[in-house]
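A closer look at the structure
What follows is each chain in one-letter form.
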Amino acid sequence: MTGMNKNSSFIRAFQAYSLYFAWIVSLVATGGSLYFSEIAGYIPCTLCWFQRIFMYPLVFLLGIASYRDDRSIIPYIYPLTIVGGLISLYHVLLQNIPGLANISPCTVGVPCHLDYIHWFGFITIPVLALTAFILISLLLWSASKVQKD
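Each value, and the rule that gives it
- Residues numbered from 1 in each chain as written.
- Predicted model: local features only at pLDDT ≥ 70, side-chain atom pairs only at ≥ 80, totals over all residues.
- Heavy atoms only, no water.
- Helix = DSSP H or I, 4+ residues; strand = E, 2+ residues; numbered from the N terminus.
- Contact = heavy atoms within 4.5 Å.
- Areas by Shrake-Rupley, 256 points an atom, 1.4 Å probe, with all protein chains shown as cover.
- Phe/Tyr/Trp six-rings, centres within 6.5 Å; stacked < 30°, edge-to-face > 60°.
- Buried < 20%, exposed > 50% of the residue type's maximum accessible area, 1.4 Å probe, protein only.
- Salt bridge = Lys/Arg side-chain N within 4 Å of Asp/Glu carboxyl O.
- 1 Å grid on protein atoms, 1.4 Å probe; cavity = no way out; pocket = protein on both sides within 12 Å on 5 of 7 lines; lining within 4 Å.
- Points joined across faces, edges and corners; volume = space filled by probe spheres on them.
- Nonpolar A, V, L, I, M, F, W, Y, C, P; charged D, E, K, R; others polar.
- Expected span 1.5 Å × (residues − 1).
- Bend = angle between axes of the 7 residues up to and from the residue.

Considering the overall build of the protein chain
The secondary structure content of the protein chain amounts to four helices and zero strands. At a minimum sequence separation of 6, the contacts of the protein chain that also span at least 24 residues come to 73%. Carbon and sulfur atoms provide 71% of the accessible area of the protein chain, an area that totals close to 9,100 Å².

As for the packing of aromatic side chains
Across all of its chains, the model carries seven aromatic pairs by this definition. Between Phe-36 and Tyr-42 the ring centres are 5.9 Å apart and the planes differ by 20°, which places this aromatic pair in the stacked class. Aromatic side chains Phe-36 and Trp-119 sit 6.2 Å apart centroid to centroid with 50° between the ring planes, which places their arrangement in the tilted category. One end of the pair, Phe-36, is in helix α1 (residues 2-39); the other, Trp-119, is in the loop between α3 (74-96) and α4 (125-143), with 83 residues separating them in the sequence. Judged by its relative accessible area of 11%, Phe-36 falls in the buried class.

Thoughts on the pattern of salt bridges
This model, assessed by the stated rule, comprises one salt bridge. Taking the shortest distance from any N to any O, the salt bridge between Arg-71 and Asp-69 comes out at 2.2 Å. The class for Arg-71 is buried, based on a relative accessible area of 12%. Note on Asp-69: relative accessible area 41%, which makes it partly exposed.

Overview of the environment of Phe-14
Within the fold, Phe-14 resides in helix α1. Take Phe-14: its relative accessible area is 33%, and that puts it in the partly exposed class. Counting along the chain gives 128 residues from Phe-14 to Ser-142, while the straight-line C-alpha distance between them is 8.0 Å. Beyond its immediate stretch of four places on either side in the chain, Phe-14 contacts Phe-21, Leu-139 and Ser-142.

Re the layout of surface pockets
The computed volume of the largest pocket comes to approximately 430 Å³. Lining the largest pocket are 26 residues, and of these Ala-29, Ser-33, Ile-125, Leu-128 and Ala-129 lie nearest its centre. Of all the secondary structure elements, the ones that give two or more residues to the lining of the largest pocket are α1, α2 (46-68) and α4. Taken together, the residues of the lining of the largest pocket sort by class into 18 nonpolar, seven polar and one charged.

Looking at α2
In this model, α2 (23 residues) spans 34 Å end to end at C-alpha, consistent with the 33 Å of a helix rising 1.5 Å per residue. Bending of α2 peaks at approximately 30° at the position of Leu-58. Asp-69 sits one or two residues past α2 and shows a positive phi near 50°.

Topic: unusual backbone geometry
For Asp-69, which is not a glycine, the phi torsion comes out positive at approximately 50°. For Phe-120, which is not glycine, the phi torsion reads 55° and is therefore positive. Mapped onto the elements, Phe-120 comes out in the loop between α3 and α4. When its relative accessible area of 75% is taken as the criterion, Phe-120 is described as exposed.

Observations regarding α4
Two residues of an α-helix separated by three or four positions point the same way, owing to the 3.6 residues in each turn. For α4, which comprises 19 residues, the first-to-last C-alpha distance of 27 Å matches the rise-based estimate of 27 Å (1.5 Å per residue) to within 8%. Turning to α4, its buried residues are Pro-126, Val-127, Ala-129, Leu-130, Ala-132, Phe-133, Ile-136, Ser-137, Leu-139, Leu-140, Ser-142 and Ala-143.

Quick look at the structure:
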């Protein structure tokens, strides 16, 4: 029976810090985005800019919510993570399905199907962004399950 108590106490502890973890993910994603553009010199395409529009505010919103332990913000964050995730998903599909390049919103500047990085044969910048949006959404869902005493 002690195994069950350890698991449930771990889950409660994880849920208690999930809002903080979501903020950390948003910090890493924003930092990575800025690294790729400002240090590595990769010029963001149009879809990358839209993904940034939905990720960057999360650093501030989740940071304040984490500091205040304010889970009431969670429903207001979901639209940012869902829309940002959908843009990232479309960008991933655009990079992997050549036929979609013809309907790309990137008509000026850097083409959206360009892969600056291709780690392990499948990890691209849009995959990293999609992963961050999904992780933040899941962590927020976990944070919403906290029981207030």
